[in-house]
Amino acid sequence: QVQLVEYGGGLVQAGGSLRLSCAASGGTFSSYTMGWFRQAPGKEREFVAVIYISGGMTYYADSVKGRFTISRDNAKNSMYLQMGSLKPDDTAVYYCAVHLGGSYYSKSNYRYWGPGTQVTVSS
């Protein structure tokens, strides 16, 4: 079984930056397409970004496009989300997961969710 855990969450002021990490164990990380989702209080879990096996193909939700950057380091079995120009609306628990196929926007197409890391953006 693939196991994932997120790191790097915290409190940051609006306009600031934060870098999240996702560490993987089990399986072969370099063979997985990986994604980031987030879930705000009282809201459904929503797609943030996805990065394919090669690392060269990435897609972002419109809400974060131009502000967030997804990347991966297969040698370290890790994926990252560099978040900039943060807004209070970015406040959420951020999760990483493995994409199994199908639409990358749908959480139903992901498995092996990490426990999440809290990001809080203050105004």
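In this text the structure is predicted, and so the values were computed from the model without any measurement. (Residues numbered from 1 in each chain as written. Predicted model: local features only at pLDDT ≥ 70, side-chain atom pairs only at ≥ 80, totals over all residues. Heavy atoms only, no water.)

### Focus: the side chain of Arg-72
In this fold, Arg-72 is placed in strand E7 (residues 68-73). For the buried residue Arg-72, which engages in no salt bridge, the nearest side chain bearing the opposite charge is Asp-73, 8.4 Å off. Looking at Arg-72, its side chain comes within polar contact range of the main-chain oxygen of Tyr-52, at 3.1 Å. In terms of polar contacts, Arg-72 uses its side chain to reach the side chain of Asn-74, at 2.9 Å. (Helix = DSSP H or I, 4+ residues; strand = E, 2+ residues; numbered from the N terminus. Buried < 20%, exposed > 50% of the residue type's maximum accessible area, 1.4 Å probe, protein only. Lys, Arg positive; Asp, Glu negative; His and termini not counted. Salt bridge = Lys/Arg side-chain N within 4 Å of Asp/Glu carboxyl O. Polar contact = N/O pair within 3.5 Å; in protein donor to acceptor, adjacent residues only side chain to side chain.)

### Quick notes on the nonpolar core
Within the largest apolar cluster, 35 residues are counted, with the highest numbers of intra-cluster contacts made by Met-34, Trp-36, Met-79, Leu-81, Met-83 and Tyr-94. For this core, the secondary-structure elements that each account for two or more residues are strand E3 (18-25), strand E4 (33-39), strand E5 (46-51), E7, strand E8 (78-83), strand E9 (92-99) and strand E11 (117-122). Once residues within four sequence positions are removed from consideration, Met-83 is found in contact with Gly-16, Ser-17, Leu-18, Leu-20, Arg-67, Phe-68, Tyr-94 and Val-119. (Core = buried A, V, L, I, M, F, W, Y, C linked by side-chain atoms within 4.5 Å. Contact = heavy atoms within 4.5 Å.)

### As for the packing of aromatic side chains
Here the structure, examined in full by the defined rule, presents ten aromatic pairs. Here the aromatic rings of Phe-37 and Tyr-110 are separated by 4.7 Å at their centres, their planes lie at 75°, and the arrangement is edge-to-face. Note that Phe-37 is positioned in strand E4 and Tyr-110 in strand E10 (residues 110-111), a separation of 73 residues in sequence. Each ring, one from Phe-47 and one from Tyr-105, has its centre 5.0 Å from the other, and the planes form 65°; the classification is edge-to-face. With Phe-47 in strand E5 and Tyr-105 in the loop between E9 and E10, the pair connects residues that are 58 residues apart, well separated along the chain. Classification of Tyr-105 by relative accessible area gives partly exposed; the value is 45%. Among the aromatic residues, those joined into a cluster by ring pairs are Phe-37, Phe-47, Tyr-52, Tyr-59, Tyr-95, Tyr-104, Tyr-105, Tyr-110 and Trp-113. Looking at Arg-45, its charged tip hangs above the ring of Tyr-95, at a distance of 3.7 Å from the centre. When the ring centre of Trp-113 is taken as reference, the NZ or CZ atom of Arg-45 above it lies at 4.9 Å. (Phe/Tyr/Trp six-rings, centres within 6.5 Å; stacked < 30°, edge-to-face > 60°. Lys NZ or Arg CZ within 6 Å of the ring centre and 35° of its normal.)

### Points about the environment of Glu-44
Positionally, Glu-44 belongs in the loop between E4 and E5. Leaving out residues up to four positions away in the same chain, Glu-44 has contacts with Arg-38, Gln-39 and Lys-107.

### A closer look at unusual backbone geometry
Although it is not a glycine, Ser-85 adopts a positive phi angle of roughly 50°. Within the secondary structure, Ser-85 is located in the loop between E8 and E9. Backbone geometry at Tyr-112 places phi at a positive 60°, although glycine is not the residue there. By the element assignment, Tyr-112 lies in the loop between E10 and E11. With a relative accessible area of 34%, Tyr-112 lands in the partly exposed category.

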